[in-house]
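Topology and contacts: notes
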Amino acid sequence: MDFILKGTVEAVKALYNTEIKESDIALQETRKEFDGEITVVTFPLTRLSRKTPEQTGNEIGEYLVSHLSEVAGFSVIKGFLNIVLSEEFLLKIFKEQLVKENFGEGQPNGKKVMVEYSSPNTNKPLHLGHVRNNLLGFSVAEILSAEGFEVVKANLVNDRGIHICKSMLAWQKFGQGETPESTGLKGDKLVGNYYVIFDKEYKKEIEELKAQGQSEEDAKKNAPLINEARQMLQKWEAGDEGVISLWKTMNSWVYAGFDETYNKLGVSFDKYYYESDTYLLGKDIIEEGLEKGVFFKKEDNSVWIDLTTEGLDEKLVLRGDGTSVYITQDLGTAELKYKDFNVEESIYVVGNEQDYHFKVLFLILDKLGKSWAKGLYHLSYGMVDLPSGKMKSREGTVVDADDLIREMVDTARKRTEELGKTEGFSDAEKEHLYNMIGLGALKYFLLKVEPKKRLLFDPNESIDFQGHTGPFIQYTHARIRSVINKASHKDFSFSEIGSSLSSSERELVMSLYKYPEVISAAAKEHSPALVANYTYELAKLYNKFYHEEPILKVEEQQLMNFRLALSQSTASVIKKSMKLLGIEVPEKM
RNA sequence: GGACCUGUAGCUUAAUUGGAUAGAGCACCUGACUACGGAUCAGGAGGUUAGGGGUUCGACUCCCUUCAGGUCCA
């Protein structure tokens, strides 16, 4: 809507002899209870006009009508100048832009960006919290790619540490040689079970020690199992053959399980990083920081950074014994990523419990003078909670990702069969459809909410398939495809439509026209929710139009073609934007 | 002790970043050409935007404060 901005700047200059910038003008969509498409907020301009908001609006409105062919009329209500666009203009943008196959697809901008997401621990299966992470990361990557970025999707796997030793130890002690093959269990599930077993046995030992008179704290430290796990970690670090081999075997089970879940979710990665490769990184950065005077040493030889002038604390970056803390390796990994891909922006999709960590991490890299530090971004999202509170793997109160997906697909199957709409589908087509709908409902449910908000999920209340949902949008797409397929011809071109556009047609054209702006905003804000809500609005407008205006039943060929073309553009934009959310849309459902 | 996030209708949520009478969906109530696909559409009811104060032409949005839930730092 640049021409409105330009026109208003000109109007202000001509009428009030004052130069203003386009950014000084507030534009918004006209509310649907008023006529018009675009609204200029004139309150701020009264200062220049020295007139009432109404007079100012009228004067600018008249200027625009007489100087811009795109503007057909206007009305003023209080400080709001509602602009009615001309039908010629709407039809022109429709024909020249909206009907194009590649409408809304951004040109490559030559910039590279990395999106790191998923980043699981290898000691337990994926749960609903990971699902939110995966969908967010994947979708943001799709959106950035649509905006024209070259995107590298990365997964930093936490494959080492005390947690995986716990699973390994429990398997060694209690596993009796179980494997995914022998049990028929998914590998990540099998390993996760042993993590739970470790915790159970560990707790038993703690209770025994407490019964012998030890304090809770001491008991936790002295339990034989935890000591064995620690020894195992040391052996791992020393490269002990037996431990390493067990570690490789069990991790390979987990990866096979993860891959299955990733496939079902439809997410993928271009680059895997493993902490077993990166956990020793970062120590040279510590040296660098000491040399530059950014870090300082305490008496015990530990290395710190003072962030009190930034309103934060002093932060430990290396222990006194020379071993790393989390942030040490994150400093190193950040540099490694930059060296590997030379990206302009590096996005970390990580829960908001790590807000402080990333704030500190980015700040340190900036203080070290890393040129790329300004491109680091923490895409922080809220935790997924159950009505009973937080999900806890060790206590078994998690919504398992695989279970959830299966339940969603089952529900989709049941709903679809009830509606009896699958005649003519092969069995394979049916399964594909149920997957599309079940996952569509799940993905949309999780992505329509602003990332930083916490999400409450009640396993007892199923996710809706009606209203503001994925299936609603999928249904709209199928419905449009059905109409188009019923048309007896394929060429929907038209010259004059022979009557004036209805309000639902105008709204639909304007909504389609907005699509590229929505992608840009979503890319800038790193927010799939913007795309999700936009797509819903578009689908809703189409359904309204569909009910109000006949398409195949109209007499005039030109008008029919316009409405068919409008339908086709809508279907195309729905399909594209759902793809940005990782959701497929069916031809029939 | 310090810092951060969240709080909008019974429930799930939106609000173009300071603009109009806070907009949707679910659930509830009423209705829709004898379905170009009813997983739809139209309408009704439902709000002190957690509470209080401030900033200004205007505040869900910014500032202060209290409350509730959650998280992080040593």
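That block above? That's the structure.
None of these values were measured; they are calculated from a predicted model. (Residues numbered from 1 in each chain as written. Chains lettered and ligands numbered in written order. Predicted model: local features only at pLDDT ≥ 70, side-chain atom pairs only at ≥ 80, totals over all residues. Heavy atoms only, no water.)

1. Thoughts on the protein's contact with RNA strand B
Keep this limit in mind: Proximity is defined per residue: any heavy atom of the residue falling within 4 Å of a molecule or strand makes that residue near it. The definition of a polar contact used here is a pair of N or O atoms within 3.5 Å, where within protein one atom must be able to donate a hydrogen and the other to accept one, and adjacent residues in sequence count solely through side-chain atom pairs. A helix here means a DSSP run of H or I that spans at least four residues, while a strand means a run of E at least two residues long, and both kinds are numbered starting from the N terminus.
The environment of RNA strand B is formed by 58 residues, the closest being Phe80, Lys421, Arg479, Lys486 and Met589. Here a phosphate oxygen of RNA strand B and a side-chain polar atom of Lys421 are 2.4 Å apart. At the level of elements, strand E1 (27–29), strand E2 (38–41), strand E4 (80–85), helix H15 (355–367), helix H16 (401–419), strand E15 (455–456), helix H18 (470–486) and helix H20 (528–548) are the ones that each hand at least two residues to the surface near RNA strand B.

2. Some thoughts on the sheet that holds E2
The test is simple: Here, a strand pair is defined by DSSP locating no fewer than two bridges between the strands. For helices, the axis comes from a line fit to the C-alpha atoms of the stretch in contact; other axes are also lines fit to C-alpha atoms, and the angle between any two N-to-C directions lies between 0 and 180 degrees.
One open sheet holds the four strands; their spatial order is E1-E2-E4-E3, and the pairing between them is antiparallel. In this open sheet, the two edge strands, each paired with only one partner strand, are E1 and strand E3 (71–77). Looking at each pair of strands side by side, their axes are set apart by 30 degrees on average, direction ignored. Summarising the sheet, E1 and E2 pair through three bridges and their orientation is antiparallel. The residue bridging Gln28 from the neighbouring strand is Thr39, located in E2.

3. Digging into the environment of Pro550
Going by this rule: Buried, partly exposed and exposed residues are distinguished by accessible area as a fraction of the type maximum, computed with a 1.4 Å probe on protein chains only: under 20%, between the cut-offs, and over 50%, respectively.
With respect to the element layout, Pro550 can be found in the loop between H20 and helix H21 (557–580). Take Pro550: its relative accessible area is 38%, and that puts it in the partly exposed class. In this structure the C-alpha to C-alpha distance between Pro550 and Ile437, which are 113 residues apart in sequence, comes to 28 Å.

4. A few points about the environment of Gly282
Position of Gly282 among the secondary structure elements: in the loop between helix H12 (275–278) and helix H13 (283–292). In sequence terms Gly282 and Ser324 are 42 residues apart; their C-alpha atoms lie 8.2 Å from each other.

5. Thoughts on the side chain of Thr42
Basically, it comes down to this: Throughout, a contact is declared for two residues whenever any of their heavy atoms are within 4.5 Å.
Relative to the elements of secondary structure, Thr42 occurs in the loop between E2 and helix H2 (46–49). Apart from the residues within four sequence positions on either side, Thr42 is in contact with Pro53, Gly57, Gly79, Phe80 and Leu81.

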